[in-house]
Every structure is written in C-alpha cells, then in structure tokens.
Amino acid sequence: MSALSELQSHLAEVKALSEAAAVLGWDQQTYMPTGGAVSRAAQITALTRVVHQKATSAEMAGLLERAEAAGAELDTDSDDAAYLRMARRDFDKISKLPESLVAEMSRVTTLAHGAWALARAQSDYAGFAPWLTQILELSRQAADHLGHDGERYDALLDQYEPGMKTAEVRAMFESIKPALVALVRKISALGPSPVDDSVLKRSFDEEGQRQFGESVIRAIGFDWTRGRQDRAVHPFCTSFGRSDVRITTRFDKNFLPMALFGSIHETGHALYEQGIAERYAGNILCDGTSLGFHESQSRLWENLVGRSRPFWQKFYPALQSQFPEPLKDIDGEAFYRAINKVEPTLIRVEADEVTYNLHILLRFEIEQDLLSGKLSVADAPAAWNAKMSEYFGLTPPNDAQGILQDVHWSGGMIGYFPTYSIGNLLSVQLFEKANSDLGGQISEQIAAGEMRPLLDWLRTNVHQWGRKYPPTELVRRIVGGPLDPAPYLAYLEKKFGNIYTR
Ligand code: ZN
C-alpha cells in the first residue's frame with residue numbers, strides 16, 4: 001500500500017465518523033424528542049472526541065509526513081497533490097485545538113441549541129444569555145489556539161471561508177452598503193408600495209405546498225435517490241457523503257414563500273453536494289470549498305432562478321392549478337412582483353434581495369463586538385435593536401424577532417454570517433458567466449423548463465471540484481477575477497428598477 005493510500009484510508013475512517021456524528025445532528029433537528037438532548041450531547045461529544053484523536057494522533061502525523069515525502073514530485077494540479085494540501089491544512093488546524101476544548105464546544109453547543117430554541121419560543125433572552133457567554137469564551141479560546149494577528153475574528157472566519165480576512169469582509173460591506181441603503185430609500189420614497197404581496201398570505205394548505213415544492217425541486221435537479229427532505233424548525237442541508245444529502249423545510253399555511261423558497265434554497269446546497277465528482281466519494285475533497293461558495297449555489301437557485309420572471313412563466317400555471325382558490329384572481333406577473341416585494345422587515349430569512357445583506361452586516365458588526373468584548377452579552381439586545389432602527393427604521397417588538405431569531409450562535413458558529421453576503425455577490429458573478437457561456441439563453445431555457453443546461457454548467461465549473469481548489473482560486477478559474485460586488489449591485493438596480501417603475 002502506498003503512503004498516500006494509507007493516509008487516505010485513515011482519513012476515510014475519520015470522515016466516516018464525522019458523518020456518523022452528522023447523522024446524529026440531523027436527527028436531533030428533525031425527529032429526536034426534546035428529552036433526548038442530554039444523551040444526544042453525550043453521543044455527539046463522544047464521537048467528536050474520537051474524531052479529534054484520530055485526526056491529530058502521532059500515527060496521523062506520521063502518515064501525513066510519509067505521504068507528503070512520497071508525493072513531493074506530484075503535478076501540483078493533480079487530485080493527489082490537492083488531497084495532500086487539504087490534508088495538511090486540516091491537520092494543522094485541528095491539531096492546534098486541544099481535545100478538551102473541542103469536546104467542551106461540542107457539549108455546550110449541543111445543549112445550547114435546546115436552550116436557544118426554548119428561549120426563542122418564549123422570547124426569553126435571559127434564558128440564552130449564559131450559553132452565549134460560554135460560547136463566546138470558548139470561541140475566543142479557539143481563535144487564540146488557531147492563531148491570528150490580533151484580530152480573533154480572522155481565525156474564526158477562516159474556518160468557514162478559507163483565506164478571507166475580516167478586513168476584506170469590512171471592505172466588501174463598505175462597497176455595497178451605500179448603494180443598498182440608497183436603493184431601499186428610493187423604493188420607500190415611492191410611498192404606499194406599488195407592489196402588493198398580500199396574496200402570499202392567503203391560505204395555502206400544507207399538503208399542496210409540499211407537493212408543489214417537491215415537484216419544483218425535482219424539476220431543478222434534486223436527486224431523490226441520493227437525498228431526502230424532512231421538516232425542521234430551521235431549514236438546513238447536511239450531507240453524509242455525496243449520495244446521501246438531507247435537506248429540511250418548514251411550512252406556514254399563511255405564508256407561501258417560507259417553504260417554497262426555503263426548499264429551493266436548500267436544494268441549491270444539495271445540488272452542490274450531489275454534484276461533487278464521484279471519484280472524491282468518501283474522501284476529504286468531497287465537500288464544498290467554502291461556505292460562501294455553498295451559499296452562492298443556494299442563492300443562485302433561490303433568487304436568480306426561483307424569483308425570476310422566466311421561472312414563473314414556466315411554473316405559475318402549475319402553482320395556480322395546485323391552489324386554484326387563493327390564486328384565482330392573480331396572474332403570473334402579479335405573482336412575480338409579489339414574491340419580489342422590497343420591504344424592510346425584522347426577520348433575515350424572510351428578507352428580500354435588497355435588504356438581505358443589511359441583516360448580515362448587522363450580525364457581522366454585533367458578533368465582532370461580542371467577540372472582542374466591546375459589547376457585553378447583557379447589552380447585546382439593545383445594540384441589536386439600535387442597529388435595526390438605524391438600517392431598517394424598525395424596532396423589534398421582542399427578542400424572538402430580534403437577537404434570538406437565528407440558530408447560528410447557539411451552534412458556536414461565530415464568523416459564519418459573512419458567508420451569506422459573499423454567496424450573494426458570487427451568485428450573480430457565476431450566473432452571468434453561465435449565461436454568457438450558454439449563449440445568453442438561460443432566461444429562454446428557464447422559461448421553457450429546461451434547467452439542465454444551467455445545472456450542467458454548475459456541475460462542470462463549480463460542483464465537481466469539491467474542495468480541490470480553494471475558494472479564491474476557484475472563483476478566478478471560473479470568472480477570471482476576484483469576488484466583485486459590481487455585478488451584484490447592477491443586477492439589483494436592473495431587476496428592482498424594472499419592478500418598481502412599471
Ligand atoms: Zn444557505
């Protein structure tokens with residue numbers, strides 16, 4: 001057995017154990033009774049410890065060194081060379097984190113999830129605050145172990161968006177914030193909204209929503225033999241390998257977009273996972289290259305496809321026959337406008353494309369201040385509400401609709417939010433490159449229900465590579481330049497200018 005094969009078989013076992021932990025995490029959010037929380041925390045923590053031991057052992061260090069020595073002559077663009085680079089990156093990172101810290105983070109976040117869900121249901125921030133305090137302290141320790149140049153946030157961000165610095169995220173927001181704020185003001189200045197979205201709040205029976213949603217995600221390419229969809233409090237996508245990808249959704253009888261666009265969004269993530277090259281199955285390259293890239297896929301399908309006019313030219317008749325009563329007096333164009341209404345709102349996951357990134361900016365600013373200690377956990381709800389008022393002109397009536405709305409911090413995911421905005425920007429760059437490569441025909445293809453050309457383009461250019469190329473390199477390979485806010489802002493101006501000046 002070659003040194004590389006020995007390393008690969010060792011890391012395949014580590015990956016299998018991580019996937020087993022992910023199955024437990026999926027079950028926790030879908031089917032586990034609340035009573036299972038404490039034993040589930042013990043189970044996941046035990047597996048996390050084993051994964052950490054195997055991934056950092058002296059045996060692992062030796063296997064990696066031998067494989068690197070044997071692979072010194074490899075072509076740098078080969079899969080094997082990419083594998084060795086990724087194995088080294090993973091090993092160096094995880095080895096910096098003590099097992100006790102990893103286990104404690106796992107235990108605390110598994111319990112904090114339940115505490116957060118309860119606090120949110122009761123709008124009781126005080127019930128979650130002690131957990132947030134613990135998670136911030138563990139995150140500071142993790143950042144210090146991982147290493148940074150005085151900016152702890154860098155170390156956390158790098159776990160989700162390899163190679164990205166906090167300063168670059170700040171610059172990204174500075175480059176989009178003025179245009180977004182101006183666009184929101186311009187639309188608000190039109191007075192009572194020229195776009196009516198009340199149709200979306202009519203009564204849509206849940207079974208009909210499920211059937212229609214499944215038909216849409218099948219049409220865009222979700223492979224049901226290698227994935228399934230279940231219900232969860234918060235929609236998410238998780239993968240136990242490229243051939244078992246789980247997505248979740250949630251239904252609101254009186255708000256059609258929740259399940260529909262939630263399902264399309266999670267399908268975008270699932271298509272990425274299902275589209276990774278088969279030769280990477282079970283291997284450490286079998287994953288998305290970054291969360292920003294992952295989000296570019298979900299946002300591309302949700303917004304550039306799912307909230308586009310051509311898409312509803314194709315699917316509106318089917319939606320209308322699924323729901324003849326609530327949609328009887330609404331034509332396709334009115335529906336298209338309704339799902340694109342721009343309106344400052346309290347909840348991120350329901351935000352329109354124009355206001356969405358301001359929600360992310362708010363979280364990015366607050367979590368940096370929490371991490372640095374500039375903002376105390378006790379004062380965080382007031383800081384949140386002050387920013388809501390500054391950016392949106394709104395004050396949350398309670399913390400459930402304010403600082404408690406998102407699951408991320410309870411899961412220890414501090415430094416994660418910027419990946420949503422990175423994904424938004426990237427989604428437009430990728431879509432425009434796909435359109436130009438496909439002869440400018442994407443709109444016609446989507447209107448005809450032909451999703452395959454776009455999916456195949458994404459498979460070829462993005463999905464198949466998994467983690468082979470780091471995100472900064474992958475974006476350059478595809479579009480010939482770095483992440484760029486200009487196409488994104490131009491897209492918003494054009495789309496919403498059209499909707500709001502008609
Ligand atoms: Zn997403």
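What you are looking at is a predicted structure, and each value in this text was computed from that prediction instead of being measured.

(A) Summary view of the overall build of the protein. In terms of regular secondary structure, the protein is built from 20 helices and 3 strands. Whereas a compact globule of 502 residues would reach a radius of gyration of roughly 23 Å, the protein reaches 23 Å, a difference of no more than 12%. A principal-axis box enclosing the C-alpha atoms of the protein has dimensions of 70 × 55 × 45 Å. Taking contacts inside the protein between residues at least 6 apart in sequence as the whole, the part at least 24 apart equals 74%. If you sum the accessible surface of the protein, you get close to 20200 Å²; carbon and sulfur atoms cover 53% of it. Side-chain charges of the protein comprise 52 positive and 65 negative groups, with the mean position of each set lying 2 Å from the other.

(B) Local environment of the state of the cysteines. Per the counting criterion, the structure on display carries 0 disulfides. The thiol of Cys237 is unpaired, and the distance to the nearest cysteine sulfur, on Cys286, comes to 12 Å. Given a relative accessible area of 22%, Cys237 falls into the partly exposed group. By relative accessible area, Cys286 is classed as buried at 4%.

(C) Representation of the pattern of salt bridges in the model. As enumerated under the stated definition, the model contains 36 salt bridges in all. For Asp230, the salt bridge goes to Arg228, with nearest N and O atoms at 2.7 Å. Close ionic contact of Arg307 with Glu302 constitutes a salt bridge, the shortest N to O distance being 3.0 Å. The pair Arg307 / Glu302 is uniform in exposure class, with both members buried. One network of salt bridges, in which partners are shared, links Glu68, Arg88 and Asp92.

(D) Inspection of the nonpolar core at higher detail. By size, the foremost hydrophobic cluster in this structure holds 119 residues, and its most contacted members are Trp301, Phe311 and Trp312. Broken down by element, the residue count for this core peaks at 10 residues, all from helix H6 (residues 125–146).

(E) Local environment of the domain arrangement of the protein. Annotation of the protein at the domain level lists domain 1 (3–95) and domain 2 (166–501). Using C-alpha coordinates to define each centre, domain 1 is positioned 30 Å away from domain 2. Each partner contributes to the interface: domain 1 provides 19 residues, whereas domain 2 provides 22 residues. Of the roughly 1800 Å² buried where domain 1 meets domain 2, counting both sides, 56% is carbon and sulfur surface. A per-residue breakdown of the area domain 1 buries against domain 2 is headed by Lys15, Trp26 and Asp79, which together make up 32% of the total.

(F) Seen up close, the environment of His10. For His10, the location among the structural elements is in helix H1 (residues 3–30). Along the sequence, His10 and Val102 sit 92 residues apart, while their C-alpha atoms lie 20 Å from each other.

(G) Layout of the coordination of the zinc ion. For the zinc ion, the full set of protein donor atoms is His265 (NE2), His269 (NE2) and Glu295 (OE), at a range of 2.1 to 2.3 Å. In the primary structure, the donors to the zinc ion are separated according to the pattern H-x3-H-x25-E. Of the two residues, His269 is situated in helix H10 (residues 256–274) and Glu295 in helix H11 (residues 291–305); the sequence distance between them amounts to 26 residues. On the basis of relative accessible area, Glu295 is assigned to the buried category, the value being 3%.

(H) Geometry of helix H19 (residues 471–479). Every buried residue of H19 is accounted for by Pro471, Leu474, Val475 and Ile478. Viewed end-on, H19 has its buried residues packed into an arc of 95°, placing them on one side of the element. Gly480 occupies a position one or two residues after H19 and carries a positive phi of about 80°.

(I) Here's a closer look at H6. When the terminal C-alpha atoms of H6 are compared, their 30 Å separation across 22 residues agrees well with the 32 Å that a helix rising 1.5 Å per residue should span. Taken together, the buried residues of H6 touch helix H4 (79–96), helix H5 (99–121), helix H7 (152–160), helix H14 (356–372) and helix H15 (380–392).

(J) Spotlight on the sheet that holds strand S1 (residues 227–231). Sheet architecture is open: 3 strands sit in the order S1-S3-S2, paired in mixed fashion. Bordering the open sheet on either side are S1 and strand S2 (237–239), each of which pairs with just one other strand. On average, each strand axis in the sheet is tilted by 20° relative to the strand beside it, whichever way the strands run. Pairing between S1 and strand S3 (residues 245–249): 5 bridges, direction parallel. Bridge assignment links Arg228 to a residue of S3, and that residue is Arg246.

Rules behind the numbers
- Counting from 1, residues in each chain are numbered in the order their sequence is written.
- For this predicted model, a pLDDT threshold of at least 70 governs which residues receive local features, and a threshold of 80 or more governs which side-chain atom pairs are given and counted, while totals over whole chains, interfaces and linings are taken from all residues.
- The side-chain figures draw on all heavy atoms in the structure; neither hydrogens nor water molecules are used.
- Helix and strand labels come from DSSP, where a helix needs a run of H or I of at least four residues and a strand needs a run of E of at least two; each type is numbered from the N terminus.
- With the radius of gyration taken over C-alpha atoms, the globule rule is written as 2.2 Å times the number of residues to the power 0.38.
- Residue contacts are defined here by distance: any two heavy atoms, one from each residue, within 4.5 Å place the two residues in contact.
- Here the open area of atoms and residues is found with the Shrake-Rupley method and a 1.4 Å probe, where only the protein chains shown may cover a residue.
- Lys and Arg are tallied as positive, Asp and Glu as negative. Neither His nor the chain termini are counted.
- Here the site of a charge means atom NZ of a Lys, CZ of an Arg, CG of an Asp or CD of a Glu.
- The rule for a disulfide is simple: a pair of cysteine sulfur atoms within 2.5 Å.
- Buried means the residue's accessible area, taken with a 1.4 Å probe over protein chains only, is under 20% of the maximum for its type, while exposed means over 50%, and partly exposed covers the values in between.
- The rule for a salt bridge is simple: a side-chain nitrogen of Lys or Arg has to be within 4 Å of a carboxyl oxygen of Asp or Glu.
- We define the nonpolar core as a collection of buried residues of types Ala, Val, Leu, Ile, Met, Phe, Trp, Tyr and Cys that are connected through side-chain atoms lying within 4.5 Å of one another.
- Domain start and stop positions are those given by an automatic or database domain assignment.
- A simple way to read buried area is as the amount of 1.4 Å-probe accessible surface that goes missing from two parts once joined, with both sides added.
- As a rule, N, O and S atoms within 2.8 Å of a metal are its donors, except that Na, K and Ca use 3.2 Å; water is not among the atoms, so sites may look incomplete.
- By construction, the arc corresponds to the directions joining the helix axis to the C-beta atoms.
- Expected span of a helix: the number of residues minus one, times 1.5 Å.
- Two strands are said to pair when DSSP picks up at least two bridges between them.
- Only the stretch in contact is used when fitting a helix axis, every axis being a line fitted to C-alpha atoms; angles between N-to-C directions are given from 0 to 180 degrees.

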